[in-house]
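Next come the chains, spelled out residue by residue.
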Amino acid sequence: MIFPLLFATAWVLALMCCAAAGYQAFAALCTLRAAPARRIAPAGPAPGAVSVLKPLCGAEPRLYENLATFCEQNYPEVQLVFGISASDDPAIAVVERLRSAYPRVDIALVVDPTVHGQNLKVSNLINMAAQARHDLLVIADSDISVEPDYLARVAAPLADPAVGIVTCLYRAQAVGGFWTRMGALFVNQWFAPSVRVAHAGGSTDFGFGATLALRRATLERIGGFARLRDELADDYWLAEHVRRLGLRTVLSEVTVTTDVVEADFGTLWARETRWLRTIRSINPGGYAFLFITFASPWLLVAAWLAYGWSATALFGPPAWLAGGSFWLGLVARLGVHALGSRSARRFWRDLPLVPVRDGLLALNWLIALFGSHVRWRSAQMRVDSHANTLEMTDGA
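Residues numbered from 1 in each chain as written. Predicted model: local features only at pLDDT ≥ 70, side-chain atom pairs only at ≥ 80, totals over all residues. Heavy atoms only, no water.

## A look at the packing of helix H6 (residues 178-200) against helix H15 (residues 353-370)
Logical step 1: The interhelical angle for the contact between H6 and H15, taken along N-to-C directions, is 75°, at an axis separation of 10 Å. If you check the angle between H6 and H15, you find them roughly perpendicular. Every residue of H15 that contacts H6 at Phe-178, Trp-179, Arg-181, Met-182, Gly-183, Leu-185, Phe-186, Gln-189 and Trp-190 is listed here: Leu-353, Val-354, Val-356, Arg-357, Leu-360 and Leu-361.
Logical step 2: Partitioned by chemical class, the residues of the contact of H6 with H15 number 11 nonpolar, 2 polar and 2 charged. (Axes fitted to C-alpha atoms, helices over the stretch in contact; angles between N-to-C directions. Helix = DSSP H or I, 4+ residues; strand = E, 2+ residues; numbered from the N terminus. Parallel < 35°, antiparallel > 145°, perpendicular 65-115°, else oblique. Contact = heavy atoms within 4.5 Å. Nonpolar A, V, L, I, M, F, W, Y, C, P; charged D, E, K, R; others polar.)

This is the structure:
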């Protein structure tokens, strides 16, 4: 009785190891296909003048350098609108510095403490929207940097009236020490490849705060930013409301760069828990199966089945299958790491962190599976997975 049960369990585990290895191989292939290639200028004229909306909060590391990349765009007509909710916010000085350094750039600064709803970023956008002068809007997070052709390439798909919104995936760069490197691995070697896999499978259910570009008329049709004022995943829901109008979402070929600045474990854990619980609130069914994407734990299971004590004698064919999945998964995981590292130096420097990163991700996924709160800025919020809204409670 015990042996058939062990044998059946071994088969189930071996098949799951194969699925995990297959996922890693596909993720490596999708990431390789998306690697930067020769850049081709967008065909045709620019679809119109653009207002870029940048909600700010605090003087983040590299804030000036990141915002300056938006002042250096090769685009015919650009307005930058910066929104701040407090008159003593140090980000104001950064904007004034930009104005001095780029006097020819159309820069508007909105300082308005008015709160609309419970999502303070969206509240900031509501206050900023009236100052946006152009019919094409680009909403972009404060911690990203872009290339000079960013706006031209992001705005180009909006020339097609069937396209409702354009969004960009992002790569992470560590700004600091060990924990920022761990955070960059989360983005570059798990989150981004998972998006590439979903996109290759035909999904366009995306909306990333790194970039969301749409027409003003489209935003008005969904009810404006006010529609999002109580949403935690405001970037996703902005894109989703546009999709419900029957308009397409385009995942741009442009990949922007975002900073990871969380310098300690607690801050990084809180940020990644917020991300994972937000994913769970949007797609609880898909979230439950994310465990198959955590490479290193499955490599350990495959190694134990294939090469552990009396593995061949006990499990036979499942052990052989697990052995094959181990080598495929190992090579694929190294491939994902190499593509995410983008240099030999970072590859070797961060290689020992890969199993630690995968294990930490699996643990965080498990914790986020059952939790109901996230931390965001200075607030603690309760995630309502049914309404996809947030409820603010006291938090440090």
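## Focus on helix H11 (residues 295-307)
Logical step 1: With 13 residues, H11 extends 18 Å from end C-alpha to end C-alpha; this agrees with the ideal 18 Å at 1.5 Å per step.
Logical step 2: Along H11, the residues classified as buried are Ala-295, Ser-296, Trp-298, Leu-299, Ala-302, Leu-305 and Ala-306. (Expected span 1.5 Å × (residues − 1). Buried < 20%, exposed > 50% of the residue type's maximum accessible area, 1.4 Å probe, protein only.)

## Digging into the sheet that holds strand E8 (residues 248-260)
Logical step 1: What the 8 strands build is an open sheet, ordered E3-E2-E1-E4-E7-E6-E8-E5; its pairing is mixed. At either end of the open sheet lies a strand with only one pairing partner, and these are strand E3 (106-111) and strand E5 (144-145).
Logical step 2: Here 3 bridges tie strand E6 (residues 163-174) to strand E7 (residues 212-215), and the two strands are oriented antiparallel to one another. Each residue of the ladder has a partner; that of Thr-167, found in E7, is Leu-212. (Pairing = 2+ DSSP bridges.)

## Overview of the packing of aromatic side chains
Logical step 1: Here the structure, examined in full by the defined rule, presents 20 aromatic pairs.
Logical step 2: Note on Trp-190 and Phe-294: the rings are 6.3 Å apart at their centroids and 45° apart in plane angle, and the pair reads as tilted. With Trp-190 in helix H6 and Phe-294 in the loop between helix H10 (284-288) and H11, the pair connects residues that are 104 residues apart, well separated along the chain. One exposure class covers both Trp-190 and Phe-294, and it is buried.
Logical step 3: Arranged with centres 5.0 Å apart and planes meeting at 90°, the rings of Phe-347 and Trp-348 form a pair that is edge-to-face.
Logical step 4: According to the relative accessible area criterion, Trp-348 is exposed, its value standing at 61%.
Logical step 5: In textbook terms, an aromatic cluster arises when at least three aromatic residues are bridged by ring pairs, as seen for Phe-186, Trp-190, Trp-275, Tyr-287, Phe-289, Phe-291, Phe-294, Trp-298 and Trp-365.
Logical step 6: Here the guanidinium or amino end of Arg-97 rests over the ring plane of Tyr-64, the centre of that ring lying 3.7 Å away. (Phe/Tyr/Trp six-rings, centres within 6.5 Å; stacked < 30°, edge-to-face > 60°. Lys NZ or Arg CZ within 6 Å of the ring centre and 35° of its normal.)

## Considering the pattern of salt bridges
Logical step 1: Inspection of the entire model under this criterion finds 17 salt bridges.
Logical step 2: A salt bridge links Glu-96 to Arg-99, with the shortest nitrogen-to-oxygen separation between them at 3.1 Å. Taken as a pair, Glu-96 and Arg-99 lie in helix H3 (residues 91-101) at a separation of 3 residues, close to a single helical turn.
Logical step 3: Among the residues examined, Arg-99 registers a relative accessible area of 32% and is labelled partly exposed.
Logical step 4: Between Arg-243 and Asp-205 there is a salt bridge whose closest N-O contact spans 3.6 Å. With Arg-243 in helix H8 (residues 234-243) and Asp-205 in the loop between H6 and E7, this residue pair connects regions lying 38 residues apart in the sequence.
Logical step 5: Take Asp-205: its relative accessible area is 43%, and that puts it in the partly exposed class.
Logical step 6: Salt bridges sharing partners connect three or more residues here, namely Asp-205, Glu-240, Arg-243 and Arg-244. (Salt bridge = Lys/Arg side-chain N within 4 Å of Asp/Glu carboxyl O.)

It is worth stressing that arrangement in space is one thing and function is another; only the former is reported here.
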